[in-house]
Amino acid sequence: MKVLIIEDERPASQKLIRLLKEADPEIVVTDVLRSVEQSVNWFSENQSYELIFMDIQLEDGLCFEIFEKARIEIPVIFTTAYDKYALKAFKVNSIDYLLKPVNPEELRNALNKFNAVHRTKQDYSKYESVIQQLPFHNKERFLIKIGERYISILTSDISCFYTFERSVFLHTRTGKSYPIDYSLDKIEQLVDSRLFLRINRNFIVNYYSIGDMIAYSSNRIKIILENWKEKEDILVSRERVPYFKKWMDR
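Residues numbered from 1 in each chain as written. Predicted model: local features only at pLDDT ≥ 70, side-chain atom pairs only at ≥ 80, totals over all residues. Heavy atoms only, no water.

(A) Broad picture of the overall build of the protein chain. Looking only at helices and strands, the protein chain has 8 helices and 17 strands in total. The proportion of buried residues among the 250 residues of the protein chain is 38%. Of the contacts formed within the protein chain by residues at least 6 apart in sequence, a portion of 49% connects residues at least 24 apart. A total of about 15,000 Å² of accessible surface is found on the protein chain, and carbon and sulfur atoms cover 49% of it. (Helix = DSSP H or I, 4+ residues; strand = E, 2+ residues; numbered from the N terminus. Buried < 20%, exposed > 50% of the residue type's maximum accessible area, 1.4 Å probe, protein only. Contact = heavy atoms within 4.5 Å. Areas by Shrake-Rupley, 256 points an atom, 1.4 Å probe, with all protein chains shown as cover.)

Shown next as structure tokens:
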């Protein structure tokens, strides 16, 4: 089993590696990361892991910032000296919450929880493989309610999706915005990734609606969308700039 450790204290990470080897000799620790920034960059390039052990207080901030900046679908076991973050930890994909110093028996119990979940997923893998072979069609239209009327907007006519004051909107290439009942995370799954890219926490943009790109502070990129009349600047977040450049340079 491939394991990733996110821990800023070297003695703590070394002890955890030793305890993991004692609990299961087949565990392979692929990497040890020490900061939020390093972790976000790592997740943008790597997917070869099955379980994450994550400290909460890292050298440049709390680990929850990682979940805000990177998509993490792998189970996490938190290791921390503080119990005040337990509730927040279980709002993300947490399997267990271990207090330092890590107790070997509690570590084995956490691994058993992971293995139970992993076995359940394997039981359904044959059905998932069939589902994956079914043809998937990206969403072609979004139905919008305006007062007592409904209108249907072609996805190709949408320049971006964005959040504002906890609501999600679509913005058409003609300059109109409408609220929709989808999260940005869900929209990412529905639209064609060749045409739409999430450039930060609040924006998904259409490739063909980008009119200009300008270098911005902190190694970010400012995007000018056609018929975008809102005051908010549209910026590619620093950690997503490398992927954005690859997406544009096809």
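The discussion continues.
(B) Main features of the sheet that holds strand β3 (residues 51-55). With respect to topology, 5 strands assemble into an open sheet ordered β2-β1-β3-β6-β7, the strand pairing being parallel. In the strand order of this sheet, the two ends are held by β2 (28-33) and β7 (94-99), each with one partner. For this sheet, the mean angle separating the axes of adjacent strands, direction not counted, is 20 degrees. Two strands pair when backbone bridges link them, and β3 and strand β6 (residues 76-80) are joined in this way by 4 bridges, in the parallel orientation. Its bridge partner lying in β6, Phe53 is registered against Ile77. (Pairing = 2+ DSSP bridges. Axes fitted to C-alpha atoms, helices over the stretch in contact; angles between N-to-C directions.)

(C) Region of the structure containing the nonpolar core. Ile6, Phe43, Ile52, Met54, Cys63, Ile66 and Phe78 are the most contacted members of the largest nonpolar core, which totals 22 residues. Of all the elements in the fold, those that place two or more residues in this core are β1 (2-6), α2 (36-45), β3, α3 (64-69) and β6. A per-element tally of this core places α2 first, with 4 residues. Residue contacts for Ile6: discarding those within four places in its chain leaves Leu33, Ser39, Phe43, Ile52, Phe53, Met54, Asp55, Leu58 and Ile66. (Core = buried A, V, L, I, M, F, W, Y, C linked by side-chain atoms within 4.5 Å.)

(D) Examining unusual backbone geometry more closely. In the segment running from Lys100 into Pro101, the intervening peptide bond is cis, with an omega of -5 degrees. Even without a glycine there, the phi angle at Ser218 is positive, about 60 degrees. Along the chain, the position of Ser218 falls in the loop between β15 (210-216) and β16 (220-225). The phi angle at Asn227 is positive, at roughly 60 degrees, despite the residue not being glycine. Exposure remark for Asn227: the relative accessible area of 37% places this residue in the partly exposed category.

(E) Quick look at α2. Residues of α2 that are buried: Val36, Ser39, Val40, Trp42 and Phe43. End-on view of α2: buried residues confined to an arc of 165 degrees, all on one side of the axis. The backbone nitrogen of Gln38 has a side-chain oxygen 3.0 Å away, supplied by the residue at the start of α2, namely Ser35. (Arc of directions from axis to C-beta. Polar contact = N/O pair within 3.5 Å; in protein donor to acceptor, adjacent residues only side chain to side chain.)

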